[in-house]
Amino acid sequence: MNSRKITLLVLFIIFLAGCNHSESSYSDDPNITHLSTSSNQEQEAAVQAKELLADRDDIKAVHAVNTKDMLLVTIEIPHHERFSLKEKSKTYQKELEQNFPNFTIELSTDKKIILETADLEEKITKNTLTEDEIKKQMEKIIHLSKEQT
């Protein structure tokens, strides 16, 4: 009987240790990658958009790429903040439109679009794409985001 109590106590302690949420994957610093700006691929607007949204407490990561007339921004929001996702998206969309009036703004919070944009950002950072290729990739991502909604 005594060994049974000890076994139950050990199992209970293991269960409590497994349920410990003291460390979270949420970081106070959003994941922001600064894009290189070479003469072929000017990403100044993308960097400015990322800096503009990086200061928000409710954004975990920001990814952005741009062409001469189009700006694609994806934001990752913590799960507990997704209840007010539509309101936040509208607010951020308006803010981006005010700060970048010469660009067509596309804002997305969809995980697939975030991953595609992060991949495109990485390719731009490595300077493996031409401006036309960047535009084609962006149009593909935007088409995918419109398709999913």
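In short, a report on the structure. These numbers come from a predicted model, not from an experiment. Starting afresh in each chain, residues are numbered from 1 along the sequence in its written order. Owing to the predicted nature of the model, reporting of local features is limited to residues with pLDDT of at least 70; listing and counting of side-chain atom pairs is limited to 80 or more, with chain, interface and lining totals taken over all residues. To get the side-chain values, take all heavy atoms of the structure and skip hydrogens and water.

**What about the nonpolar core?**
Step number 1: For our purposes a nonpolar core is just a set of buried Ala, Val, Leu, Ile, Met, Phe, Trp, Tyr and Cys residues, chained together by side-chain atoms within 4.5 Å. Exposed residues in this analysis have more than 50% of their type's maximum accessible area, buried residues have under 20%, and partly exposed residues fall in between, with area computed by a 1.4 Å probe over protein chains only. Among the nonpolar cores identified, the biggest contains 17 residues, and Leu53, Leu71, Val73, Ile75, Leu96 and Phe100 are the most heavily contacted of them.
Step number 2: Helix numbering and strand numbering both begin at the N terminus, where a helix is a DSSP run of H or I of at least 4 residues and a strand a DSSP run of E of at least 2. Elements that contribute at least two residues to this core include exactly helix H2 (44-54), strand S1 (61-66), strand S2 (70-76), helix H3 (85-99) and strand S3 (104-108).
Step number 3: Among the elements that line this core, the one with the most residues is H2, at four residues.
Step number 4: Between two residues, a contact is recorded if the distance between any of their heavy atoms is within 4.5 Å. When residues no more than four places from it in sequence are discounted, the contact partners of Leu53 are Ile59, Val62, Val73, Ile75, Tyr92 and Leu96.

**Concerning the side chain of Lys88**
Step number 1: Among the secondary structure elements, Lys88 is positioned in helix H3.
Step number 2: For Lys88, a relative accessible area of 15% translates into the label buried.
Step number 3: Whenever two N or O atoms come within 3.5 Å, that pair is a polar contact, provided that in protein one can donate a hydrogen and the other can accept it, and provided that, for residues adjacent in sequence, both atoms are side-chain atoms. A distance of 2.6 Å separates polar atoms of two side chains, one belonging to Lys88 and the other to Asp58.
Step number 4: Here Lys88 is in contact with Asp58, Ile77 and Glu81, once residues within four sequence places are set aside.

**What to know about a nonpolar patch on the surface**
Step number 1: The patch calculation keeps residues exceeding 30% relative accessible area without a salt bridge and links them within 9 Å when they carry like charges or within 5 Å when they are nonpolar (Val, Leu, Ile, Met, Phe, Trp, Tyr). Method for areas: the Shrake-Rupley scheme with a 1.4 Å probe, in which residue coverage is limited to the protein chains shown. What counts as a salt bridge is simple: a side-chain nitrogen of Lys or Arg found within 4 Å of a carboxyl oxygen of Asp or Glu. On the surface, Ile6, Leu8, Val10, Leu11 and Ile14 cluster together into a nonpolar patch covering about 490 Å² of accessible area.
Step number 2: Structurally, the position occupied by Leu8 is in helix H1 (residues 2-18).
Step number 3: By relative accessible area, which is 55% here, Leu8 ends up exposed.

**A look at the pairing of S1**
Step number 1: Counting buried positions along S1 yields six of six residues, so the element is predominantly enclosed.
Step number 2: By the alternation rule, side chains of S1 split into Ala61, His63 and Val65 and Val62, Ala64 and Asn66, which are all buried.
Step number 3: Relative to S2, S1 runs antiparallel, the two being bridged by six bridges. Residue pairing in the sheet places Ala64 in a bridge with Val73 of S2.
Step number 4: Two strands qualify as a pair provided that DSSP identifies no fewer than 2 bridges between them. A loop of three residues connects S1 with S2, the two strands running antiparallel in sequence.

**Here we look at the pairing of S2**
Step number 1: S2 sits mainly inside the fold: seven of its seven residues count as buried.
Step number 2: The alternating pattern of S2 places Met70, Leu72, Thr74 and Glu76 and Leu71, Val73 and Ile75 on opposite faces, both of which are buried.
Step number 3: In terms of strand pairing, S2 meets S3 through five bridges, oriented parallel. Within the sheet, the bridge partner assigned to Val73 lies in S3 and is Leu107.
Step number 4: If the strands point away from the viewer and the path from the first strand over the helix to the second runs clockwise, then the crossover is right-handed. One crossover worth recording links S2 to the parallel S3 by way of H3, and it is right-handed.

**Structural notes on the packing of H2 against H3**
Step number 1: Interaxial distance between H2 and H3 falls to 11 Å at its minimum, and their mutual angle equals 135°. Considering their axes alone, H2 and H3 lie oblique with respect to each other. Judged by the sense of rotation from one axis to the other, the crossing of H2 with H3 is right-handed. Where H2 abuts H3, its residues Ala49, Leu52 and Leu53 lie against Tyr92, Glu95, Leu96 and Asn99.
Step number 2: Residues are grouped as follows: nonpolar covers Ala, Val, Leu, Ile, Met, Phe, Trp, Tyr, Cys and Pro; charged covers Asp, Glu, Lys and Arg; every other residue, Gly included, is treated as polar. Class assignment for the residues of the contact of H2 with H3 results in five nonpolar, one polar and one charged. For helices, the axis comes from a line fit to the C-alpha atoms of the stretch in contact; other axes are also lines fit to C-alpha atoms, and the angle between any two N-to-C directions lies between 0 and 180 degrees. Any angle between 65 and 115 degrees counts as roughly perpendicular, while under 35 counts as roughly parallel, over 145 as roughly antiparallel, and the rest as oblique. Two helices that cross are described as forming a left-handed crossing if the nearer one is turned anticlockwise from the farther one by less than a right angle, and a right-handed crossing if clockwise.

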